[in-house]
Amino acid sequence: QVQLVESGGGLVEAGGSLRLSCAASGSMIGDNIMRWYRQAPGKPRNLVAFISRGGDTNYAGSVKGRFTASRDTAKNTVYLQMDSLKPEDTAVYYCNMWDGFWGPNYWGQGTQVTVSS
C-alpha cells in the first residue's frame, strides 16, 4: 500500500524559509509524477509544483523563483524548498503521487505552513 508522509511545516516570518519533505512508501517516486499542492483557508487546492518521472520540475507562477522541488530517489523522498516566504504562502501543503496513467492519486496528510507578516 502507498503512503505519503509529509513533514517540515511550521510558523515562519515573512522572508524566511522552510523545507517540506514527503516520504513515500509502497511505490517508487521515479515511477510517478510527484506533485505539491497547497490549500489556503477558504480557497481551492492549487498545484504548486511537480516533478516528472524523468525528474523535470515545473512551478506555479506565484512561487517560481522562490520554491524549488527536488527528489532523492535513494530515500524515495520529495522535497519542497521554500524561500522568501510571503504571508500569502500560508496554507496546508499536500504531497501527491500519480503514475500518469490509470492508477489512483495518493495524497499525504498535509502539513501546515504559516507565514506571519
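Up top is the structure.
Residues numbered from 1 in each chain as written. Predicted model: local features only at pLDDT ≥ 70, side-chain atom pairs only at ≥ 80, totals over all residues. Heavy atoms only, no water.

### With respect to the side chain of T111
Okay, so step 1: Assignment of secondary structure puts T111 in strand β11 (residues 111–116).
Okay, so step 2: In this structure T111 comes out as buried when scored by relative accessible area, which is 10%.
Okay, so step 3: Beyond its immediate sequence surroundings of up to four residues, T111 is in contact with E6, S7, G8, G9, L20, A91, V92 and Y93. (Helix = DSSP H or I, 4+ residues; strand = E, 2+ residues; numbered from the N terminus. Buried < 20%, exposed > 50% of the residue type's maximum accessible area, 1.4 Å probe, protein only. Contact = heavy atoms within 4.5 Å.)

### As for the nonpolar core
Okay, so step 1: Ranked by size, the top nonpolar core spans 27 residues in total, and within it W36, V48, F67, L80, M82 and Y93 carry the most contacts.
Okay, so step 2: When residues of this core are traced back to their parent elements, those giving at least two are β3 (18–25), β4 (33–39), β5 (45–51), β7 (67–72), β8 (77–82), β9 (91–98) and β11. (Core = buried A, V, L, I, M, F, W, Y, C linked by side-chain atoms within 4.5 Å.)

### Observations concerning the pairing of β4
Okay, so step 1: Counting buried residues in β4 gives 6 out of 7 residues, a clear majority hidden from the surface.
Okay, so step 2: Here β4 runs beside β9; their pairing, made up of 7 bridges, is antiparallel. Across the sheet, the residue bridging to W36 is C95, located in β9.
Okay, so step 3: Hairpin connection between β4 and β5: a loop of 5 residues separates the two successive antiparallel strands, and G42 in this loop has a positive phi of roughly 75°. (Pairing = 2+ DSSP bridges.)

### Considering the packing of aromatic side chains
Okay, so step 1: One pass over the full model with this rule turns up 2 aromatic pairs.
Okay, so step 2: With a centroid separation of 5.0 Å and an interplanar angle of 55°, the aromatic rings of Y37 and W107 are classed as tilted. Separated by 70 residues along the polypeptide, Y37 in strand β4 and W107 in strand β10 (residues 106–107) bring together distant segments of the chain.
Okay, so step 3: Note on Y94 and W107: the rings are 6.4 Å apart at their centroids and 85° apart in plane angle, and the pair reads as edge-to-face. Note that Y94 is positioned in strand β9 and W107 in strand β10, a separation of 13 residues in sequence.
Okay, so step 4: Taking relative accessible area as the criterion, Y94 reaches 13% and is therefore assigned buried.
Okay, so step 5: What makes W107 partly exposed here is its relative accessible area of 37%.
Okay, so step 6: Put simply, the rings of Y37, Y94 and W107 pair up and form one aromatic cluster.
Okay, so step 7: For R45, the ring lying beneath its charged end belongs to W107, and the centroid distance is 4.8 Å. (Phe/Tyr/Trp six-rings, centres within 6.5 Å; stacked < 30°, edge-to-face > 60°. Lys NZ or Arg CZ within 6 Å of the ring centre and 35° of its normal.)

### Things to note about the state of the cysteines
Two cysteines form a disulfide when their sulfur atoms are joined by a covalent bond.
Okay, so step 1: Inspection of every chain in the model, using the stated rule, returns 1 disulfide.
Okay, so step 2: Two residues, C22 and C95, share a disulfide whose sulfurs are 2.0 Å apart. In this structure, the disulfide formed by C22 and C95 twists by about -80° around the S-S bond and is classed as left-handed. Taken together, the residues C22 in strand β3 and C95 in strand β9 connect sequence positions 73 residues apart.
Okay, so step 3: Its relative accessible area of 1% is what places C95 among the buried residues. (Disulfide = S-S within 2.5 Å.)

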